[in-house]
Amino acid sequence: MSSQIYRSVSRTLRSAVAASKSSAALFAEGRAVAAATATSSRGKVPYLASIYERSNSQNGYRGWVSSALALPAAVVEFLAFPPVAYLLQEQEAHAAELERTFIAIKPDGVQRGLIAEIVSRFERKGYKLVAIKLVIPSKDFAEKHYHDLKERPFFSGLCDFLSSGPVLAMVWEGEGVIKYGRKLIGATDPQKSEPGTIRGDLAVVVGRNIIHGSDGLETAKDEINLWFKPEELVSYTSNAEKWVYGVN
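Rules behind the numbers
- Residues numbered from 1 in each chain as written.
- Predicted model: local features only at pLDDT ≥ 70, side-chain atom pairs only at ≥ 80, totals over all residues.
- Heavy atoms only, no water.
- UniProt positions renumbered as here; feature names shortened; annotations may be inferred.
- Helix = DSSP H or I, 4+ residues; strand = E, 2+ residues; numbered from the N terminus.
- Buried < 20%, exposed > 50% of the residue type's maximum accessible area, 1.4 Å probe, protein only.
- Contact = heavy atoms within 4.5 Å.
- Areas by Shrake-Rupley, 256 points an atom, 1.4 Å probe, with all protein chains shown as cover.
- Core = buried A, V, L, I, M, F, W, Y, C linked by side-chain atoms within 4.5 Å.

By the naming in an unreviewed UniProt entry, the protein chain is Nucleoside diphosphate kinase, taken from Stephania japonica. Reading the Subcellular location (unreviewed entry) entry of the UniProt record for the protein chain gives the comment "Plastid, Chloroplast thylakoid lumen". In its Function (unreviewed entry) section, the UniProt entry covering the protein chain states "Major role in the synthesis of nucleoside triphosphates other than ATP. The ATP gamma phosphate is transferred to the NDP beta phosphate via a ping-pong mechanism, using a phosphorylated active-site intermediate. Shows the highest specificity towards GDP."

Structure follows, in structure tokens:
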């Protein structure tokens, strides 16, 4: 089952509980059930077990959920017999959907003072910065970064430019950040980039298109590993995440 199903179940439970104000005890039990379906996997399965114990049996639990919350039969079955795999993945169900991408502001973007503008666009979208550093890459390093373009006639010039000044290397995290990060950046040729994109608004020619972004999952992994050591990547929960993703 996908995480969307679990979110849907959680929303259904919250709505049902909010509508059921017949008694304080019912409200408390309903919150417990909703929390149990929305929690994830950091060893908090015992919380679900306590609900089962209070209901005395799985059949009793199913009956309580069905009669007290008036939920559809499929939802009741899900709550009475939640998939083991999901229970073992609880508190990180949302985090599992997140991905990371490599974004670099090239020397032209740094020299033009566009760092704050570009960073703010990713922040306003709701993505989370998990690594950042300002470096001047060597030409050898630039060649490693552009290794997939080695046979292109512009390869040498591309590497010369990337190593010509400071580059702001970053790793951003979020749901769909690789694909949508490319949309925020815009087409390689600024003349073909839509207004509202970074290149569409801030760049004019291909040779000075100010920013780089990973174009796929494997590329993102390779580029992150090339530019950052594992200890330079930070894992944390942002206070804004519950407002971005609706996960409380």
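Student: Report on the overall build of the protein chain, specifying residues and quantitative values.
Tutor: Within the protein chain one finds 14 helices and four strands. Here the protein chain holds 248 residues, and 42% of them are scored as buried. Across the protein chain, contacts joining residues at least 24 apart in sequence account for 75% of those joining residues at least 6 apart. Accessible surface, the protein chain: about 13600 Å² in total, of which carbon and sulfur atoms supply 55%.

Student: Let's hear about the nonpolar core: which residues, and what values?
Tutor: Ranked by size, the top nonpolar core spans 21 residues in total, and within it I118, F122, W172, I210 and I211 carry the most contacts. Contributing elements (two or more residues each) for this core: β1 (99-105), α8 (115-125), β3 (167-174), α11 (177-185) and α12 (198-202). It is α11 that contributes the most residues to this core, four residues altogether. Once you skip the residues sitting within four places of it in the chain, I210 turns out to touch A104, I105, K106, D108, G109, R112, L114, I118, I198, L202 and A203.

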